[in-house]
Amino acid sequence: MAKKILVTGGAGYIGSHTVMQLLLAGFSVSVVDNLDNSSEASLERVAELAGDCGKNMTFHKIDLRDRDALKKLFATTKFDAVIHFAGLKAVGESVQKPLLYYNNNIIGTIILLETMAEHGCKKLVFSSSATVYGWPKEVPCTEEFPLCATNPYGRTKLMIEEICRDIQLGDSEWDIVLLRYFNPVGAHPSGFIGEDPRGIPNNLMPFVQQVAVGRRPALTVFGNDYSTKDGTGVRDYIHVVDLADGHIAAVEKLFRSNKTGCDVYNLGTGKGTSVLEMVEAFEKASGKKIPLVMAGRRPGDSETVYASTSKAEKELNWKYVFVSYYYCRAKYGIEEMCRDQWNWASKNPWGYGKPNESADPST
Ligand code: NAD
Ligand code: UFG
(Lines give C-alpha, C1' and ligand atoms only; values in the text may rest on other atoms or scores of the structure.)
(Ligands and ions follow the chains in the order given, each with its own letter.)
Protein backbone atom coordinates (compact mmCIF):
# COMPACT_ATOMS: atom_id res chain seq x y z
CA MET A 1 0.00 0.00 0.00
CA ALA A 2 1.27 3.45 -0.90
CA LYS A 3 2.15 5.59 2.13
CA LYS A 4 -0.23 8.52 2.56
CA ILE A 5 1.34 11.94 3.00
CA LEU A 6 -0.49 15.11 3.95
CA VAL A 7 1.18 18.14 2.39
CA THR A 8 0.13 21.49 3.87
CA GLY A 9 0.78 24.46 1.59
CA GLY A 10 1.11 22.01 -1.30
CA ALA A 11 -0.24 24.44 -3.91
CA GLY A 12 2.65 26.85 -3.27
CA TYR A 13 6.06 27.07 -4.90
CA ILE A 14 8.06 24.47 -2.99
CA GLY A 15 4.95 22.47 -2.09
CA SER A 16 3.85 21.90 -5.70
CA HIS A 17 7.32 20.68 -6.71
CA THR A 18 7.44 18.38 -3.70
CA VAL A 19 3.97 16.97 -4.43
CA MET A 20 5.19 16.21 -7.96
CA GLN A 21 8.25 14.31 -6.70
CA LEU A 22 6.19 12.49 -4.05
CA LEU A 23 3.71 11.29 -6.67
CA LEU A 24 6.51 10.07 -8.94
CA ALA A 25 8.09 8.29 -5.99
CA GLY A 26 4.85 6.34 -5.46
CA PHE A 27 3.31 8.16 -2.51
CA SER A 28 -0.35 9.00 -2.17
CA VAL A 29 -0.73 12.72 -1.46
CA SER A 30 -3.43 14.89 0.09
CA VAL A 31 -2.86 18.62 -0.22
CA VAL A 32 -4.30 21.15 2.20
CA ASP A 33 -4.00 24.80 1.19
CA ASN A 34 -6.13 27.91 1.68
CA LEU A 35 -4.78 29.33 -1.65
CA ASP A 36 -3.85 32.60 0.08
CA ASN A 37 -0.60 32.76 -1.87
CA SER A 38 -1.18 30.21 -4.62
CA SER A 39 -3.55 28.93 -7.21
CA GLU A 40 -5.16 25.52 -7.67
CA ALA A 41 -3.80 25.67 -11.24
CA SER A 42 -0.40 24.57 -9.89
CA LEU A 43 -1.92 21.31 -8.67
CA GLU A 44 -3.91 20.77 -11.86
CA ARG A 45 -0.62 21.01 -13.73
CA VAL A 46 1.12 18.69 -11.25
CA ALA A 47 -1.63 16.11 -11.79
CA GLU A 48 -1.19 16.36 -15.56
CA LEU A 49 2.60 16.24 -15.39
CA ALA A 50 2.58 13.23 -13.08
CA GLY A 51 0.59 11.19 -15.65
CA ASP A 52 -0.88 8.05 -14.12
CA CYS A 53 0.49 8.95 -10.68
CA GLY A 54 -1.56 12.17 -10.79
CA LYS A 55 -4.66 10.28 -9.69
CA ASN A 56 -3.01 9.62 -6.34
CA MET A 57 -3.46 13.25 -5.27
CA THR A 58 -6.43 15.00 -3.68
CA PHE A 59 -6.81 18.69 -2.91
CA HIS A 60 -8.65 20.20 0.08
CA LYS A 61 -9.11 23.94 0.27
CA ILE A 62 -8.73 24.30 4.01
CA ASP A 63 -7.16 26.92 6.23
CA LEU A 64 -5.02 25.18 8.85
CA ARG A 65 -6.67 27.26 11.54
CA ASP A 66 -10.04 25.69 10.67
CA ARG A 67 -9.77 22.94 13.27
CA ASP A 68 -13.07 21.28 12.38
CA ALA A 69 -12.24 21.00 8.69
CA LEU A 70 -8.81 19.59 9.50
CA LYS A 71 -10.30 17.07 11.95
CA LYS A 72 -12.77 15.91 9.32
CA LEU A 73 -9.92 15.29 6.89
CA PHE A 74 -7.90 13.33 9.47
CA ALA A 75 -11.03 11.33 10.34
CA THR A 76 -11.44 10.21 6.72
CA THR A 77 -7.79 9.48 5.89
CA LYS A 78 -5.09 7.84 8.00
CA PHE A 79 -1.93 9.77 7.17
CA ASP A 80 1.48 8.16 7.60
CA ALA A 81 3.28 11.51 7.72
CA VAL A 82 2.81 15.23 7.23
CA ILE A 83 5.02 17.66 5.30
CA HIS A 84 4.20 21.12 6.61
CA PHE A 85 4.90 23.98 4.18
CA ALA A 86 1.85 26.17 4.86
CA GLY A 87 2.76 29.58 6.13
CA LEU A 88 3.24 33.21 5.21
CA LYS A 89 6.80 34.04 4.17
CA ALA A 90 7.31 37.69 3.26
CA VAL A 91 9.85 39.19 5.65
CA GLY A 92 8.87 42.84 5.05
CA GLU A 93 5.15 42.12 5.41
CA SER A 94 5.86 40.28 8.67
CA VAL A 95 7.44 43.46 10.09
CA GLN A 96 4.34 45.48 9.10
CA LYS A 97 1.81 42.86 10.19
CA PRO A 98 3.38 40.73 12.94
CA LEU A 99 0.05 39.54 14.34
CA LEU A 100 -0.95 38.19 10.93
CA TYR A 101 2.26 36.15 10.87
CA TYR A 102 2.01 34.90 14.46
CA ASN A 103 -1.65 34.05 13.96
CA ASN A 104 -1.24 32.27 10.64
CA ASN A 105 2.08 30.51 11.12
CA ILE A 106 2.05 29.70 14.84
CA ILE A 107 -1.64 29.05 15.44
CA GLY A 108 -1.92 27.16 12.15
CA THR A 109 0.98 24.92 13.18
CA ILE A 110 -0.33 24.31 16.70
CA ILE A 111 -3.75 23.29 15.38
CA LEU A 112 -2.06 20.99 12.85
CA LEU A 113 0.13 19.37 15.53
CA GLU A 114 -2.81 18.92 17.91
CA THR A 115 -4.91 17.33 15.18
CA MET A 116 -2.04 15.03 14.20
CA ALA A 117 -1.56 13.93 17.81
CA GLU A 118 -5.29 13.29 18.28
CA HIS A 119 -5.27 11.02 15.24
CA GLY A 120 -2.03 9.20 16.10
CA CYS A 121 -0.03 10.68 13.21
CA LYS A 122 3.29 11.72 14.73
CA LYS A 123 5.70 11.91 11.81
CA LEU A 124 6.42 15.43 10.58
CA VAL A 125 8.72 17.24 8.17
CA PHE A 126 8.74 21.00 8.75
CA SER A 127 9.89 23.84 6.44
CA SER A 128 12.33 25.90 8.44
CA SER A 129 14.74 28.39 6.97
CA ALA A 130 18.34 29.55 6.92
CA THR A 131 16.89 32.78 8.29
CA VAL A 132 17.35 31.20 11.75
CA TYR A 133 21.16 31.69 11.35
CA GLY A 134 20.74 35.48 11.07
CA TRP A 135 24.04 37.12 10.01
CA PRO A 136 26.28 34.12 10.72
CA LYS A 137 29.69 34.78 12.32
CA GLU A 138 31.25 32.39 9.84
CA VAL A 139 30.29 30.19 6.90
CA PRO A 140 29.39 27.51 6.03
CA CYS A 141 26.50 27.38 8.50
CA THR A 142 26.31 24.10 10.38
CA GLU A 143 23.17 22.92 12.11
CA GLU A 144 24.79 23.57 15.51
CA PHE A 145 25.21 27.31 14.95
CA PRO A 146 23.50 29.62 17.45
CA LEU A 147 20.02 30.58 16.30
CA CYS A 148 18.46 34.02 16.15
CA ALA A 149 15.70 35.88 14.39
CA THR A 150 15.63 39.44 13.19
CA ASN A 151 11.99 39.77 12.13
CA PRO A 152 8.56 38.26 12.99
CA TYR A 153 8.70 35.81 10.06
CA GLY A 154 12.03 34.46 11.28
CA ARG A 155 10.70 34.30 14.83
CA THR A 156 7.79 32.11 13.68
CA LYS A 157 10.32 29.65 12.19
CA LEU A 158 12.39 29.68 15.37
CA MET A 159 9.32 29.26 17.60
CA ILE A 160 7.95 26.38 15.52
CA GLU A 161 11.36 24.67 15.66
CA GLU A 162 11.25 25.04 19.48
CA ILE A 163 7.65 23.78 19.63
CA CYS A 164 8.69 20.71 17.63
CA ARG A 165 11.66 20.03 19.92
CA ASP A 166 9.38 20.40 22.96
CA ILE A 167 6.59 18.10 21.76
CA GLN A 168 9.13 15.44 20.85
CA LEU A 169 10.74 15.72 24.29
CA GLY A 170 7.32 15.40 25.90
CA ASP A 171 6.26 12.43 23.77
CA SER A 172 8.94 10.22 22.23
CA GLU A 173 6.46 8.81 19.70
CA TRP A 174 6.96 11.97 17.65
CA ASP A 175 9.51 11.73 14.85
CA ILE A 176 10.31 15.10 13.33
CA VAL A 177 12.69 16.39 10.68
CA LEU A 178 13.25 20.16 10.54
CA LEU A 179 14.62 21.23 7.16
CA ARG A 180 16.39 24.58 6.97
CA TYR A 181 16.17 25.72 3.36
CA PHE A 182 18.70 28.07 1.90
CA ASN A 183 17.55 29.90 -1.27
CA PRO A 184 15.24 27.83 -3.47
CA VAL A 185 15.14 28.97 -7.11
CA GLY A 186 14.39 27.55 -10.55
CA ALA A 187 11.40 25.54 -11.63
CA HIS A 188 10.46 22.09 -12.79
CA PRO A 189 12.48 21.31 -15.97
CA SER A 190 9.23 20.87 -17.91
CA GLY A 191 8.47 24.60 -17.48
CA PHE A 192 4.96 23.53 -16.46
CA ILE A 193 5.16 24.52 -12.77
CA GLY A 194 7.19 27.24 -11.08
CA GLU A 195 7.10 30.18 -8.69
CA ASP A 196 4.26 32.67 -9.12
CA PRO A 197 4.47 35.21 -6.30
CA ARG A 198 1.59 37.60 -5.71
CA GLY A 199 2.40 41.29 -5.90
CA ILE A 200 5.92 42.66 -6.18
CA PRO A 201 8.42 39.81 -5.69
CA ASN A 202 10.57 40.06 -2.54
CA ASN A 203 13.13 37.55 -3.68
CA LEU A 204 15.90 37.93 -6.20
CA MET A 205 15.09 35.38 -8.90
CA PRO A 206 11.34 35.99 -9.24
CA PHE A 207 12.19 39.67 -9.62
CA VAL A 208 14.90 38.98 -12.22
CA GLN A 209 12.46 36.76 -14.10
CA GLN A 210 9.83 39.52 -14.21
CA VAL A 211 12.41 41.99 -15.54
CA ALA A 212 13.35 39.48 -18.25
CA VAL A 213 9.75 39.13 -19.48
CA GLY A 214 9.21 42.91 -19.45
CA ARG A 215 6.94 43.14 -16.41
CA ARG A 216 9.45 45.35 -14.55
CA PRO A 217 12.04 47.78 -15.92
CA ALA A 218 15.12 46.93 -13.82
CA LEU A 219 16.46 44.95 -10.90
CA THR A 220 17.38 46.96 -7.82
CA VAL A 221 20.57 45.51 -6.32
CA PHE A 222 20.40 45.90 -2.56
CA GLY A 223 23.96 46.81 -1.56
CA ASN A 224 27.24 46.62 -3.47
CA ASP A 225 29.47 47.52 -0.53
CA TYR A 226 29.58 44.15 1.25
CA SER A 227 32.92 42.47 1.91
CA THR A 228 32.28 39.91 -0.82
CA LYS A 229 33.94 39.19 -4.18
CA ASP A 230 31.94 41.89 -6.03
CA GLY A 231 30.36 43.76 -3.11
CA THR A 232 26.91 42.16 -3.46
CA GLY A 233 25.26 39.69 -1.07
CA VAL A 234 26.20 36.02 -1.30
CA ARG A 235 23.64 33.20 -0.91
CA ASP A 236 23.32 29.47 -1.35
CA TYR A 237 20.87 28.98 -4.23
CA ILE A 238 19.37 25.54 -4.55
CA HIS A 239 17.25 24.13 -7.38
CA VAL A 240 13.67 23.67 -6.19
CA VAL A 241 13.58 20.11 -7.56
CA ASP A 242 16.67 19.19 -5.53
CA LEU A 243 14.97 20.76 -2.53
CA ALA A 244 11.79 18.77 -3.24
CA ASP A 245 13.85 15.57 -3.39
CA GLY A 246 15.32 16.50 -0.01
CA HIS A 247 11.79 16.16 1.40
CA ILE A 248 11.45 12.69 -0.01
CA ALA A 249 14.75 11.80 1.62
CA ALA A 250 13.39 13.21 4.89
CA VAL A 251 10.13 11.24 4.83
CA GLU A 252 12.05 8.10 3.85
CA LYS A 253 14.20 8.67 6.92
CA LEU A 254 11.07 8.95 9.09
CA PHE A 255 9.78 5.65 7.68
CA ARG A 256 13.16 3.90 8.01
CA SER A 257 13.31 4.39 11.75
CA ASN A 258 11.05 5.32 14.63
CA LYS A 259 13.98 6.85 16.45
CA THR A 260 14.54 10.09 14.58
CA GLY A 261 13.59 12.18 17.58
CA CYS A 262 13.59 15.77 16.40
CA ASP A 263 16.46 16.26 13.98
CA VAL A 264 17.48 19.20 11.82
CA TYR A 265 19.14 19.38 8.40
CA ASN A 266 20.32 22.16 6.13
CA LEU A 267 19.15 21.91 2.52
CA GLY A 268 21.55 23.91 0.40
CA THR A 269 24.37 23.21 -2.03
CA GLY A 270 27.24 24.51 0.09
CA LYS A 271 28.18 27.05 -2.59
CA GLY A 272 27.95 30.82 -2.29
CA THR A 273 26.89 32.92 -5.30
CA SER A 274 26.69 36.72 -5.39
CA VAL A 275 23.77 38.73 -6.75
CA LEU A 276 25.82 39.83 -9.76
CA GLU A 277 26.97 36.28 -10.49
CA MET A 278 23.37 35.10 -10.37
CA VAL A 279 22.25 37.87 -12.72
CA GLU A 280 25.07 37.03 -15.12
CA ALA A 281 24.13 33.35 -15.14
CA PHE A 282 20.50 34.26 -15.79
CA GLU A 283 21.45 36.59 -18.65
CA LYS A 284 23.45 33.77 -20.19
CA ALA A 285 20.60 31.27 -19.84
CA SER A 286 17.93 33.63 -21.17
CA GLY A 287 19.81 35.76 -23.65
CA LYS A 288 18.10 38.76 -21.98
CA LYS A 289 19.86 41.80 -20.57
CA ILE A 290 18.80 42.61 -17.01
CA PRO A 291 19.14 46.35 -16.36
CA LEU A 292 20.46 47.04 -12.86
CA VAL A 293 19.95 49.91 -10.43
CA MET A 294 22.42 49.97 -7.55
CA ALA A 295 20.84 50.83 -4.20
CA GLY A 296 21.64 50.72 -0.50
CA ARG A 297 21.57 47.58 1.61
CA ARG A 298 18.14 46.11 2.41
CA PRO A 299 17.51 46.28 6.18
CA GLY A 300 17.89 42.89 7.85
CA ASP A 301 19.95 41.36 5.01
CA SER A 302 23.06 39.34 5.84
CA GLU A 303 26.30 39.54 3.90
CA THR A 304 27.16 35.92 3.15
CA VAL A 305 25.09 32.85 3.95
CA TYR A 306 25.73 29.35 2.71
CA ALA A 307 25.19 25.88 4.08
CA SER A 308 27.30 23.12 5.41
CA THR A 309 25.73 20.17 3.61
CA SER A 310 27.63 17.33 5.25
CA LYS A 311 24.96 16.32 7.78
CA ALA A 312 22.25 16.03 5.10
CA GLU A 313 24.62 14.14 2.81
CA LYS A 314 25.60 11.69 5.53
CA GLU A 315 22.31 11.12 7.30
CA LEU A 316 19.64 11.83 4.70
CA ASN A 317 21.61 10.26 1.81
CA TRP A 318 20.04 13.06 -0.11
CA LYS A 319 22.79 14.58 -2.18
CA TYR A 320 23.91 11.33 -3.72
CA VAL A 321 20.90 9.07 -3.69
CA PHE A 322 18.22 11.35 -5.06
CA VAL A 323 18.20 12.24 -8.70
CA SER A 324 15.80 14.15 -10.84
CA TYR A 325 13.43 11.59 -12.31
CA TYR A 326 13.42 13.44 -15.60
CA TYR A 327 17.08 14.11 -16.13
CA CYS A 328 18.78 11.55 -13.92
CA ARG A 329 21.15 14.17 -12.65
CA ALA A 330 22.07 14.10 -9.00
CA LYS A 331 22.62 17.78 -8.49
CA TYR A 332 21.67 20.95 -10.30
CA GLY A 333 24.03 23.92 -10.51
CA ILE A 334 23.45 27.61 -11.10
CA GLU A 335 23.25 27.10 -14.88
CA GLU A 336 20.38 24.61 -14.59
CA MET A 337 18.64 26.77 -11.98
CA CYS A 338 18.69 29.74 -14.37
CA ARG A 339 17.83 27.61 -17.40
CA ASP A 340 14.74 26.22 -15.67
CA GLN A 341 13.77 29.58 -14.17
CA TRP A 342 13.83 31.06 -17.69
CA ASN A 343 12.07 28.08 -19.25
CA TRP A 344 9.20 28.57 -16.77
CA ALA A 345 9.20 32.37 -17.15
CA SER A 346 9.25 32.40 -20.93
CA LYS A 347 6.44 29.83 -21.16
CA ASN A 348 4.41 31.50 -18.40
CA PRO A 349 5.29 35.21 -18.30
CA TRP A 350 2.24 35.86 -16.08
CA GLY A 351 2.67 32.77 -13.95
CA TYR A 352 -0.52 30.76 -13.64
CA GLY A 353 -2.67 33.79 -14.45
CA LYS A 354 -3.26 36.09 -17.38
CA PRO A 355 -2.16 39.75 -17.56
CA ASN A 356 -5.69 41.02 -16.96
CA GLU A 357 -6.32 38.77 -13.98
CA SER A 358 -3.37 39.87 -11.91
CA ALA A 359 -3.81 38.62 -8.34
CA ASP A 360 -2.86 41.95 -6.82
CA PRO A 361 -3.74 45.42 -8.00
CA SER A 362 -0.32 46.71 -6.89
CA THR A 363 1.35 44.61 -9.59
P1 NAD B 1 4.36 29.69 -0.90
O2 NAD B 1 3.74 30.93 -0.38
O3 NAD B 1 4.48 29.53 -2.38
O4 NAD B 1 3.61 28.41 -0.30
C5 NAD B 1 3.01 28.41 0.97
C6 NAD B 1 1.59 27.89 0.79
O7 NAD B 1 0.94 27.85 2.07
C8 NAD B 1 0.73 28.78 -0.11
O9 NAD B 1 0.16 27.99 -1.13
C10 NAD B 1 -0.33 29.35 0.82
O11 NAD B 1 -1.56 29.58 0.16
C12 NAD B 1 -0.42 28.28 1.91
N13 NAD B 1 -0.88 28.75 3.22
C14 NAD B 1 -0.40 29.80 3.94
N15 NAD B 1 -1.04 29.88 5.11
C16 NAD B 1 -1.94 28.86 5.14
C17 NAD B 1 -2.91 28.41 6.09
N18 NAD B 1 -3.10 29.06 7.25
N19 NAD B 1 -3.65 27.33 5.80
C20 NAD B 1 -3.47 26.68 4.62
N21 NAD B 1 -2.59 27.06 3.69
C22 NAD B 1 -1.83 28.14 3.94
O23 NAD B 1 5.80 29.56 -0.21
P24 NAD B 1 7.02 28.58 -0.54
O25 NAD B 1 8.12 29.38 -1.09
O26 NAD B 1 6.53 27.40 -1.25
O27 NAD B 1 7.44 28.19 0.95
C28 NAD B 1 6.94 27.04 1.60
C29 NAD B 1 7.47 27.01 3.02
O30 NAD B 1 8.89 27.05 3.00
C31 NAD B 1 7.03 28.20 3.88
O32 NAD B 1 6.78 27.74 5.18
C33 NAD B 1 8.23 29.11 3.85
O34 NAD B 1 8.30 29.93 5.00
C35 NAD B 1 9.38 28.10 3.82
N36 NAD B 1 10.61 28.65 3.25
C37 NAD B 1 10.58 29.21 2.00
C38 NAD B 1 11.76 29.77 1.47
C39 NAD B 1 11.77 30.41 0.11
O40 NAD B 1 12.70 31.15 -0.18
N41 NAD B 1 10.79 30.16 -0.75
C42 NAD B 1 12.94 29.72 2.21
C43 NAD B 1 12.93 29.13 3.47
C44 NAD B 1 11.75 28.59 3.98
N1 UFG C 1 18.27 41.06 -3.71
C2 UFG C 1 18.46 42.17 -4.52
N3 UFG C 1 17.36 42.70 -5.15
C4 UFG C 1 16.12 42.17 -5.02
C5 UFG C 1 15.95 41.03 -4.19
C6 UFG C 1 17.06 40.51 -3.56
O7 UFG C 1 19.57 42.67 -4.66
O8 UFG C 1 15.16 42.71 -5.59
C9 UFG C 1 19.46 40.47 -3.05
C10 UFG C 1 19.37 40.48 -1.53
O11 UFG C 1 19.83 41.68 -1.01
C12 UFG C 1 20.24 39.26 -1.18
C13 UFG C 1 20.02 38.30 -2.36
O14 UFG C 1 19.53 39.11 -3.43
O15 UFG C 1 21.59 39.62 -1.16
C16 UFG C 1 19.00 37.22 -2.05
O17 UFG C 1 17.81 37.83 -1.59
P18 UFG C 1 16.43 37.01 -1.47
O19 UFG C 1 15.39 37.98 -1.01
O20 UFG C 1 16.16 36.28 -2.72
O21 UFG C 1 16.77 35.94 -0.37
P22 UFG C 1 17.18 36.11 1.16
O23 UFG C 1 18.43 35.32 1.36
O24 UFG C 1 17.22 37.52 1.58
O25 UFG C 1 15.96 35.46 1.91
C26 UFG C 1 15.33 34.25 1.44
C27 UFG C 1 13.88 34.25 1.93
C28 UFG C 1 13.83 34.14 3.41
C29 UFG C 1 14.60 32.92 3.82
C30 UFG C 1 16.02 32.98 3.32
C31 UFG C 1 16.78 31.74 3.64
O32 UFG C 1 13.22 35.45 1.52
O33 UFG C 1 12.50 34.00 3.82
O34 UFG C 1 16.01 33.14 1.90
O35 UFG C 1 16.11 30.64 3.20
F36 UFG C 1 14.62 32.86 5.16
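Keep in mind that this is a model prediction, so the values were computed, not measured. (Residues numbered from 1 in each chain as written. Chains lettered and ligands numbered in written order. Predicted model: local features only at pLDDT ≥ 70, side-chain atom pairs only at ≥ 80, totals over all residues. Heavy atoms only, no water.)

**Observations regarding the site of ligand 1**
The immediate surroundings of ligand 1 are formed by 28 residues, with D33, N37, S38, F85 and Y153 found nearest. One of the backbone nitrogen or oxygen atoms of G12 is found 3.3 Å away from an oxygen atom of ligand 1. Between N37 and ligand 1, the recorded distance is 2.7 Å, taken from a side-chain N or O atom to an oxygen atom. Burial of ligand 1 by the surrounding chains reaches 95%, relative to a free accessible area of 820 Å². Those elements that provide at least two residues to the shell around ligand 1 are α1 (13–24), β5 (123–129) and α6 (152–170). Here the shell around ligand 1 takes 3 residues from β5, the largest share from any one element. (Near = heavy atom within 4 Å. Polar contact = N/O pair within 3.5 Å; in protein donor to acceptor, adjacent residues only side chain to side chain. Areas by Shrake-Rupley, 256 points an atom, 1.4 Å probe, with all protein chains shown as cover. Helix = DSSP H or I, 4+ residues; strand = E, 2+ residues; numbered from the N terminus.)

**Some points on the pairing of strand β6 (residues 175–181)**
When you tally the buried positions in β6, you get 7 out of 7 residues, the bulk of the element. In the sheet, β5 pairs with β6 via 7 bridges, with the strands oriented parallel. Across the sheet, residue S129 finds its bridge partner in β6, namely Y181. When β6 meets strand β11 (residues 262–267), the two strands line up parallel, connected through 6 bridges. Within β11, the position partnered with Y181 by the bridge is L267. (Buried < 20%, exposed > 50% of the residue type's maximum accessible area, 1.4 Å probe, protein only. Pairing = 2+ DSSP bridges.)

**Overview of the sheet that holds strand β1 (residues 4–8)**
Sheet strands pair by backbone hydrogen bonding; their relative direction is either parallel or antiparallel. Strand order in the open sheet formed by 7 strands is β3-β2-β1-β4-β5-β6-β11, and the pairing between neighbours is parallel. In this open sheet, the two strands that pair with only one neighbour each are β3 (57–61) and β11. Neighbour-to-neighbour, the strand axes of the sheet open up by a mean angle of 20°, direction not taken into account. One ladder, built from 5 bridges, connects β1 with strand β2 (residues 28–33); its direction is parallel. The residue bridging T8 from the neighbouring strand is V32, located in β2. Along the sheet face, α1 touches β1, β2, β3, β4 (81–84) and β6 and points at about 165° away from the line of β2. (Axes fitted to C-alpha atoms, helices over the stretch in contact; angles between N-to-C directions. Contact = heavy atoms within 4.5 Å.)

**Regarding the packing of aromatic side chains**
Ring pairs (aromatic) are described by centroid distance and by the angle formed between their planes. Counted under the stated rule, the structure contains 7 aromatic pairs. Both rings, one in F74 and one in F79, keep their centres 5.2 Å apart while their planes meet at 75°; by these two values the pair is edge-to-face. One exposure class covers both F74 and F79, and it is buried. The residue whose ring lies beneath K3 is F255, and the NZ or CZ to ring-centre distance is 4.8 Å. (Phe/Tyr/Trp six-rings, centres within 6.5 Å; stacked < 30°, edge-to-face > 60°. Lys NZ or Arg CZ within 6 Å of the ring centre and 35° of its normal.)

**Focus: the environment of A11**
Structurally, the position occupied by A11 is in the loop between β1 and α1. Judged by relative accessible area, which is 4%, A11 ranks as buried. Taking the C-alpha atoms as reference, A11 lies 9.4 Å from V46; in sequence the two are 35 residues apart. Once you skip the residues sitting within four places of it in the chain, A11 turns out to touch S16, V31, D33, L35, S38, S39, S42 and L43.

**Re the site of ligand 2**
S129, F182, N203, R235 and D301 are the nearest of the 20 residues found near ligand 2. In the environment of ligand 2, an oxygen atom lies 2.9 Å from a nitrogen or oxygen atom belonging to the backbone of L204. Between ligand 2 and the protein, one listed contact pairs a nitrogen atom with a backbone N or O atom of T220 at 2.7 Å. Calculation on ligand 2 without its partners gives an accessible area of 680 Å², and the protein chains cover 89% of this total. Per element, the largest residue contribution to the shell around ligand 2 is 4 residues, and it comes from strand β8 (residues 219–222). Considering only residue class, the shell around ligand 2 consists of 10 nonpolar, 7 polar and 3 charged. (Nonpolar A, V, L, I, M, F, W, Y, C, P; charged D, E, K, R; others polar.)

Worth remembering: the numbers are spatial, not functional.
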